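Here is what each chain is made of, one letter per residue.
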Protein chains: 2
Amino acid sequence: LAASALSRSHRRPSGAPAAAAGRAAHGAHTEPDVSVRWLARSAGRLRMAVDRVALDDLGGWSRDATTGNLGHRSGGFFSVEGMAVEAADGPVGSWSQPIIHQPEVGILGILAKEFDGVLRFLLQAKAEPGNHNGVQLSPTVQATRSNYMRVHRGRPVPYLDYFRHASRHRVLVDVRQSEQGSWFFRKRNRNMVVEVTEEVEMRDGFRWLTLGEIHALLARDDTVNMDTRTVLGCLPVTGTDLTPMFDVPGSDRFRTALVRSCDPAAGALHDATGVLSWITEARTVTGIRARLVPLDEVEGWRRTAGRIHHRSGRFFEVIGVRVQAAGREVERWDQPMIRPVGTGVIAFLAGSIGGVLHVLARASAQPGYADVIELAPTVQCTPGNHEHLPAAARPRFLEEVLGADEERIRFDAVLSEEGGRFFHARNRYVIVEVDPDAVAEPPGFRWLAPHQLGELVRHGHYLNIEARSLLACLHSLKSTAGSVK
Amino acid sequence: LAASALSRSHRRPSGAPAAAAGRAAHGAHTEPDVSVRWLARSAGRLRMAVDRVALDDLGGWSRDATTGNLGHRSGGFFSVEGMAVEAADGPVGSWSQPIIHQPEVGILGILAKEFDGVLRFLLQAKAEPGNHNGVQLSPTVQATRSNYMRVHRGRPVPYLDYFRHASRHRVLVDVRQSEQGSWFFRKRNRNMVVEVTEEVEMRDGFRWLTLGEIHALLARDDTVNMDTRTVLGCLPVTGTDLTPMFDVPGSDRFRTALVRSCDPAAGALHDATGVLSWITEARTVTGIRARLVPLDEVEGWRRTAGRIHHRSGRFFEVIGVRVQAAGREVERWDQPMIRPVGTGVIAFLAGSIGGVLHVLARASAQPGYADVIELAPTVQCTPGNHEHLPAAARPRFLEEVLGADEERIRFDAVLSEEGGRFFHARNRYVIVEVDPDAVAEPPGFRWLAPHQLGELVRHGHYLNIEARSLLACLHSLKSTAGSVK
């Protein structure tokens, strides 16, 4: 506890996690083809068989006689219950729906290690039953608490101890973050990046990738899974002047503004206190209340032996699947899943303000959030769910995204949501360049610089999972590989 | 939205709230006697009559026939309900108790204005029924939502519009913070400081005070009320190098380390990511669950027509009071209150690590918190409540505080908790200087620098109300007036 302790832990230039940004950035220009081929080879080997099964026939799951809730016989994993919502200010005043209830906090952890001055991240080629293409790139560890406490009595989760005893290593990210607020009831996972210096045992299906390689894979459809994206979205890639590392000849105005926007010293349209006050105001005045109700009491939903679906055919359905997989902790299981109807659109409008890139963030109230609102992308919706509504109730800026000229589309990939709970849930992630002078800042929207999002995401419940995912995509545009589309 | 907008809002040196610290610090050396005399005069004029009344006789309040809960006939204000707690890791595994339920978010707001380069704060001499000495120094506005929505049909709350339309002014603080986690169920208030430049109408009972004057008053028993202290605890008084302003001849080592500890560049024992990770870990592993239950179902509590009390005579009792007051929005009312048994001790151990002051913060789980744990002072307890427990279950470091040599006691005042809900609730707030090398960092405790607490308190739910209060007391030791005890 002497002065030497102080300097050791805080003052060493490479000690701050911000420095991780620099070490990670050094890997920005790596050739991605090798990792693409590795993932393809893994996909051939790991593919799992997934069959639809009627909800009533799911092995290990049963329907509660009183509530109708679907639960696992162990009491672990998750349950499908009902949620009643009152949203005084929303386009629809009140509704009820099925919802996944999973009160435990899981771990989404990525192991990092420096090789020759470049930080690499240990990712896993992993099949999930909900992935429409089988295998995607997952974090080192992706485990529910039931999972790692071994409720299923399966094999232990590889590499888990690095995250359960993280304080023995250098922690770069450790924050609980929300998940999909319209499908999960107040679900949170612990997003972690832990850096080690020791030798790490290499297991089959795992690979050390540079940030540049991951960025290149992000631009490919359905390749980097949601759990990897949310953790990447929390990675400290702002806070230092990265300009020299990304100062590539031929950078255009957009990319130059993006690189500058990672440096807090570059400033922003709204100062930090103003942004926090805007969030406080939104959380205070927004009237949304959600509570769990028996699944049998949700209105507007039809339940058959096979599935639960909305009478309009919109939104999503709850289905059952039977899974057979090789090389997993458990090799066979049944489970319910949410299957959304239609592909969604998740987009940031982005543009330079005074030479610093800003994105238009929205204060979004979703019933499953722990704290009223979180910051969401400019647009986040499934267009088909809104077609029956009057124009004024349709998502703001959706037209601007769908109608954008091709040269203004900076990122565009169809990415999958969590394949352990959602069946073929895919969203088109888009970043559209606009002139902020031409786009007003309507109530509920603010132009924010990425360095501000980077500061907020160190804490839980400020950026929703779609915004974290899209933030990872935005940062990928700094890597040369990522910008070659 | 052009470059000029960017520089206007962010780059101007005096634009950042951090600069408020400097402007406030300029008022550090002001003579406090005038404000003491003003408060004494106000006290003579504003004293209210408070009489004990049996709970069953409270006008406007009734007992729910099914639950036994005590509620106001308007449905507003607050209710007294029951809370059942399971705390697997605590010294007591499970218990139930009465609790105040007030789901609405109130406003605690202080108006600030610069006079001749010095920031002054508009405070109010206000009587509250629970204050044992009648009048204390309150924020400009201290209003529940029922209050300002005028459920009680009284007069409008003075100065409220500055806070309801804060974005028209310069916001220095705007954050929802928790209140007492053992007496309130997930209660939060919006802590605000709003700076105006316009002429402000002066009303009777209000006065502009410098930070130095407030600091001097903080050192006096029962003078600055809890609501003022929590808002002061959120004031950005760190983040700039204040050394020149506080560089008073004759400063001792403690005060020099305190002034340095306000500057993030001075470093700290644990880096920011490590602190956040420690909090995330504590919130993940701590097993505490609290839920509302009918007041009639709490176990171990006796209810008579007059009051509700624990069979041991410990903890607190719920009583009724009848209030007559002049000059308030409403001049007569009845209400239930919590009357704690005994005076509490709230203390920081503080010491210099490498020339930078650190305080020993504790991750404290209280059932009424919204998110498992918050950072609390080193010691926070009512000693009498623990006398029956085995030594190992008694609060850690309590002996060190109660037995500290006088020359090591840097702050020592008996201060009141919220006089609108708590009857004669008083705690001894203490800051004890120790040598951090001689005090280990047990599990659940961390040595943190005040600049780190200043960064955390910009967000909700990191520092509990007692820690925010004591942080304001700690900062008062920078003012010369405050250090003259």
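Located above this text is the structure these notes cover.
Residues numbered from 1 in each chain as written. Chains lettered and ligands numbered in written order. Predicted model: local features only at pLDDT ≥ 70, side-chain atom pairs only at ≥ 80, totals over all residues. Heavy atoms only, no water.

1. Details of the overall build of chain A
For step 1, the next point in the chain: Secondary structure summary: chain A contains 14 helices and 24 strands in total.
For step 2, the next point in the chain: Within chain A, the fraction of its 485 residues that count as buried is 62%.
For step 3, the next point in the chain: For chain A, contacts bridging at least 24 residues in sequence account for 74% of all contacts bridging at least 6.
For step 4, the next point in the chain: With the model as given, the accessible surface of chain A reaches about 18,600 Å², and the carbon-plus-sulfur share is 47%. (Helix = DSSP H or I, 4+ residues; strand = E, 2+ residues; numbered from the N terminus. Buried < 20%, exposed > 50% of the residue type's maximum accessible area, 1.4 Å probe, protein only. Contact = heavy atoms within 4.5 Å. Areas by Shrake-Rupley, 256 points an atom, 1.4 Å probe, with all protein chains shown as cover.)

2. Things to note about the packing of aromatic side chains
For step 1, the next point in the chain: If you walk through the whole model with that rule in mind, you get 16 aromatic pairs over all chains.
For step 2, the next point in the chain: Ring geometry for W61 of chain B versus F78 of chain B: centroids 5.0 Å apart, planes at 50°, classification tilted. One end of the pair, W61 of chain B, is in strand β2 (residues 61-63); the other, F78 of chain B, is in the loop between β3 (70-72) and β4 (79-87), and 17 residues separate them in sequence. F78 of chain B shares its class with W61 of chain B; the two are buried.
For step 3, the next point in the chain: Following the ring pairs from residue to residue traces out a cluster consisting of Y159, Y162 and F206 of chain A.
For step 4, the next point in the chain: Its guanidinium or amino end placed over the ring of Y429 of chain A, R229 of chain A lies 5.0 Å from that ring's centre, counting from NZ or CZ.
For step 5, the next point in the chain: A cation sits over an aromatic face here: R396 of chain A above F397 of chain A, 5.3 Å from the ring centre. (Phe/Tyr/Trp six-rings, centres within 6.5 Å; stacked < 30°, edge-to-face > 60°. Lys NZ or Arg CZ within 6 Å of the ring centre and 35° of its normal.)

3. Details of the nonpolar core
For step 1, the next point in the chain: In terms of nonpolar packing, the biggest core is built from 81 residues, with F121, V193, I431 and L463 of chain B touching the most fellow members.
For step 2, the next point in the chain: With 6 residues, helix α13 (residues 465-476) of chain B is the largest single contributor of residues to this core.
For step 3, the next point in the chain: Among all residues touching I431 of chain B, those that are not within four sequence positions of it are F254, F348, A350, R408, I409, R410, F411, L470, C473, L474 and L477 of chain B.
For step 4, the next point in the chain: One finds V173, V175, I319 and A467 of chain A within the second-largest nonpolar core, a separate group that totals 80 residues. (Core = buried A, V, L, I, M, F, W, Y, C linked by side-chain atoms within 4.5 Å.)

4. Regarding empty space enclosed by the protein
Residues and elements named next belong to chain B.
For step 1, the next point in the chain: All chains considered together, the criterion is met by 5 cavities of 30 Å³ or more.
For step 2, the next point in the chain: Put simply, the largest cavity is a space of about 60 Å³.
For step 3, the next point in the chain: Where the lining of the largest cavity is concerned, the elements lending two or more residues are α6 (211-218) and α13.
For step 4, the next point in the chain: Of the residues contributing to the lining of the largest cavity, the split by class is 5 nonpolar, 2 polar and no charged. (1 Å grid on protein atoms, 1.4 Å probe; cavity = no way out; pocket = protein on both sides within 12 Å on 5 of 7 lines; lining within 4 Å. Points joined across faces, edges and corners; volume = space filled by probe spheres on them. Nonpolar A, V, L, I, M, F, W, Y, C, P; charged D, E, K, R; others polar.)

5. What to know about the environment of G342 of chain B
All names here are of chain B.
For step 1, the next point in the chain: Looking at the secondary structure, you find G342 in the loop between β17 (332-340) and β18 (344-353).
For step 2, the next point in the chain: When its relative accessible area of 47% is taken as the criterion, G342 is described as partly exposed.
For step 3, the next point in the chain: Distance from G342 to T382, taken between C-alpha atoms, is 6.6 Å for residues 40 residues apart in sequence.
For step 4, the next point in the chain: Beyond its immediate sequence surroundings of up to four residues, G342 is in contact with T382 and R426.

6. Focus on unusual backbone geometry
For step 1, the next point in the chain: The phi torsion at F397 of chain A lies on the positive side, around 70°, for a residue other than glycine.
For step 2, the next point in the chain: Along the chain, the position of F397 of chain A falls in the loop between β21 (379-381) and α11 (398-402).

7. A few points about helix α10 (residues 272-285) of chain A
For step 1, the next point in the chain: Between its first and last C-alpha, α10 of chain A extends 20 Å over 14 residues, near the 20 Å set by a 1.5 Å rise per residue.
For step 2, the next point in the chain: Among all positions of α10 of chain A, only T273, V275, L276, S277, W278, I279, T280, A282, R283 and T284 of chain A are buried. (Expected span 1.5 Å × (residues − 1).)

8. Some words on the environment of L357 of chain B
For step 1, the next point in the chain: You can see L357 of chain B is positioned in strand β19 (residues 356-365).
For step 2, the next point in the chain: The contact partners of L357 of chain B, leaving out residues within four places of it in the chain, are F254, A257, L258, S261, A350, G351, S352, L448, A449, P450 and L474 of chain B.

9. Structural notes on α6 of chain B
For step 1, the next point in the chain: Along α6 of chain B, 8 of the 8 residues are buried, which leaves the element largely enclosed by surrounding structure.
For step 2, the next point in the chain: Looking at α6 of chain B, one finds that the buried residues are L211, G212, E213, I214, H215, A216, L217 and L218 of chain B.

10. A look at the pattern of salt bridges
All names here are of chain B.
For step 1, the next point in the chain: For the structure on display, the rule yields 40 salt bridges over all chains.
For step 2, the next point in the chain: We note a salt bridge from R170 to E195, for which the minimum N-O separation is 3.9 Å. Separated by 25 residues along the polypeptide, R170 in strand β10 (residues 170-178) and E195 in strand β11 (residues 188-195) bring together distant segments of the chain.
For step 3, the next point in the chain: Among the salt bridges present, the one from R303 reaches D296, with a minimum N-O distance of 3.6 Å.
For step 4, the next point in the chain: Its relative accessible area of 25% is what places R303 among the partly exposed residues. (Salt bridge = Lys/Arg side-chain N within 4 Å of Asp/Glu carboxyl O.)

11. Examining the side chain of K187 of chain A
All names here are of chain A.
For step 1, the next point in the chain: Examined against the element boundaries, K187 turns out to sit in the loop between β10 (170-178) and β11 (188-196).
For step 2, the next point in the chain: We note that K187 is buried and unpaired, the nearest opposite charge coming from E179 at a distance of 5.5 Å.
For step 3, the next point in the chain: Ignoring any residue separated from it by four or fewer positions in sequence, one finds K187 in contact with Q102, E104, G106, Q177, S178, E179 and G368. (Lys, Arg positive; Asp, Glu negative; His and termini not counted.)

12. Remarks on the environment of L123 of chain B
For step 1, the next point in the chain: Mapped onto the elements of the fold, L123 of chain B is located in strand β7 (residues 118-127).
For step 2, the next point in the chain: Contacts of L123 of chain B, omitting those with residues within four sequence positions, involve W38, I110, L137, S138, P139, G205, F206, R207, L209, I214 and T228 of chain B.

13. Focus on the pairing of strand β4 (residues 79-87) of chain A
Each regular strand shows side chains that alternate between the opposite faces of the sheet.
Residues and elements named next belong to chain A.
For step 1, the next point in the chain: The buried count for β4 comes to 8 of 9 residues, which makes it a mostly enclosed element.
For step 2, the next point in the chain: Across 2 bridges, the pairing between strand β3 (residues 70-72) and β4 is antiparallel. Paired with G71 across the bridge in β4 is S79.
For step 3, the next point in the chain: Once β3 ends, the chain turns through 6 residues before running back antiparallel as β4, passing G75 with a positive phi of about 80°.
For step 4, the next point in the chain: As judged from the 8 bridges shared by β4 and strand β5 (residues 94-101), these two strands associate in the antiparallel manner. Bridge assignment links G82 to a residue of β5, and that residue is P98.
For step 5, the next point in the chain: Relative to strand β13 (residues 288-293), β4 is paired through 6 bridges, and the arrangement is antiparallel. In the sheet register, V85 faces β13, and the bridge partner there is A290. (Pairing = 2+ DSSP bridges.)

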